[in-house]
Amino acid sequence: MVVIGTTLSHQSSGTYYSPWFPRQGNAATFSLELIAQSSASIGITVTVETKNQDEKDSSADPVTGTLQTDDIGVVSLRFEGFLELVRFKYVVKGGATLEDWGHFQMLNPSWETN
């Protein structure tokens, strides 16, 4: 059995973070695929954050632009201005109850180097 993607619920704050990973270029195109949702009112918003290794997590800055979808399918956006490390901030939005959820995956980014 292979499990693809991540399921996040609207419970609690509805905000989650990925682990930090090293940037692999000066710019990148990231893609978010919403695979399933508990209701049509659920959506996923992804903000790309960046920081240097010697900085605290709380000092991370968002990179300009946000991936956002309310519908099943893939959305992509090009980002630039990365420091040494990158992470994703996921926010589950909408939903009529705290049990509403979205199942999604971040596809491998397409990095652009010098």
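Residues numbered from 1 in each chain as written. Predicted model: local features only at pLDDT ≥ 70, side-chain atom pairs only at ≥ 80, totals over all residues. Heavy atoms only, no water.

Considerations on the environment of Gly-25
Residue placement: Gly-25 occurs in the loop between β3 (21-22) and β4 (27-37). Assessed through its relative accessible area of 9%, Gly-25 is described here as buried. Here the alpha-carbon distance between Gly-25 and Thr-45, two residues 20 residues apart in the chain, equals 23 Å. Contacts of Gly-25, omitting those with residues within four sequence positions, involve Phe-82, Trp-111, Glu-112 and Thr-113. (Helix = DSSP H or I, 4+ residues; strand = E, 2+ residues; numbered from the N terminus. Buried < 20%, exposed > 50% of the residue type's maximum accessible area, 1.4 Å probe, protein only. Contact = heavy atoms within 4.5 Å.)

Points about the pattern of salt bridges
Enumeration according to the criterion identifies 5 salt bridges in this entry. In this structure, Arg-87 and Glu-49 form a salt bridge, with 2.8 Å as the shortest nitrogen-oxygen distance. With Arg-87 in strand β8 (residues 85-93) and Glu-49 in strand β5 (residues 43-51), this residue pair connects regions lying 38 residues apart in the sequence. In this structure, Lys-93 engages Asp-70 in a salt bridge whose closest nitrogen and oxygen atoms are separated by 2.4 Å. With Lys-93 in strand β8 and Asp-70 in the loop between β6 (61-69) and β7 (73-80), this pair connects stretches of sequence that are 23 residues apart. Residue classification places Lys-93 among the partly exposed positions, given a relative accessible area of 23%. Connected through salt bridges with shared partners, the residues Arg-78, Glu-80 and Glu-112 form a single ionic network. (Salt bridge = Lys/Arg side-chain N within 4 Å of Asp/Glu carboxyl O.)

Re the pairing of β8
Looking at chain direction, strand β2 (residues 15-17) and β8 are connected through 3 bridges and run antiparallel. Bridged to Tyr-17 within β8 is Lys-89. Looking at chain direction, β3 and β8 are connected through 2 bridges and run antiparallel. Residue pairing across strands places Phe-21 opposite Val-86, the latter belonging to β8. (Pairing = 2+ DSSP bridges.)

Thoughts on the nonpolar core
If you look at the biggest cluster of nonpolar residues, it comprises 20 residues, and the most contacted ones within it are Phe-30, Val-46, Val-48, Phe-82 and Met-106. Contributions of two or more residues to this core are made by β4, β5, β6, β8 and β9 (101-112). What Val-48 contacts, discounting residues up to four positions off in sequence, is Phe-30, Asp-61, Pro-62, Val-63, Phe-79, Phe-82, Val-86, Arg-87 and Phe-88. (Core = buried A, V, L, I, M, F, W, Y, C linked by side-chain atoms within 4.5 Å.)

A few points about the packing of aromatic side chains
Applying the stated criterion across every chain yields a total of 8 aromatic pairs. Relative to Tyr-90, the ring of Phe-88 has its centre 6.1 Å away and its plane inclined at 45 degrees; by these criteria the two rings are tilted. The burial state of Phe-88 is the same as that of Tyr-90; both residues are buried. Geometrically, the ring pair formed by Tyr-90 and Phe-104 is tilted, given 5.0 Å between the ring centres and 55 degrees between the ring planes. Residue Tyr-90 is found in strand β8, and its partner Phe-104 is found in strand β9; the two are separated by 14 residues along the sequence. Relative accessible area serves as the criterion here: at 1%, Phe-104 is assigned to the buried category. Feature note: the residues Phe-21, Phe-30, Phe-79, Phe-82, Phe-88, Tyr-90, Phe-104 and Trp-111 constitute an aromatic cluster, connected by ring pairs. (Phe/Tyr/Trp six-rings, centres within 6.5 Å; stacked < 30°, edge-to-face > 60°.)

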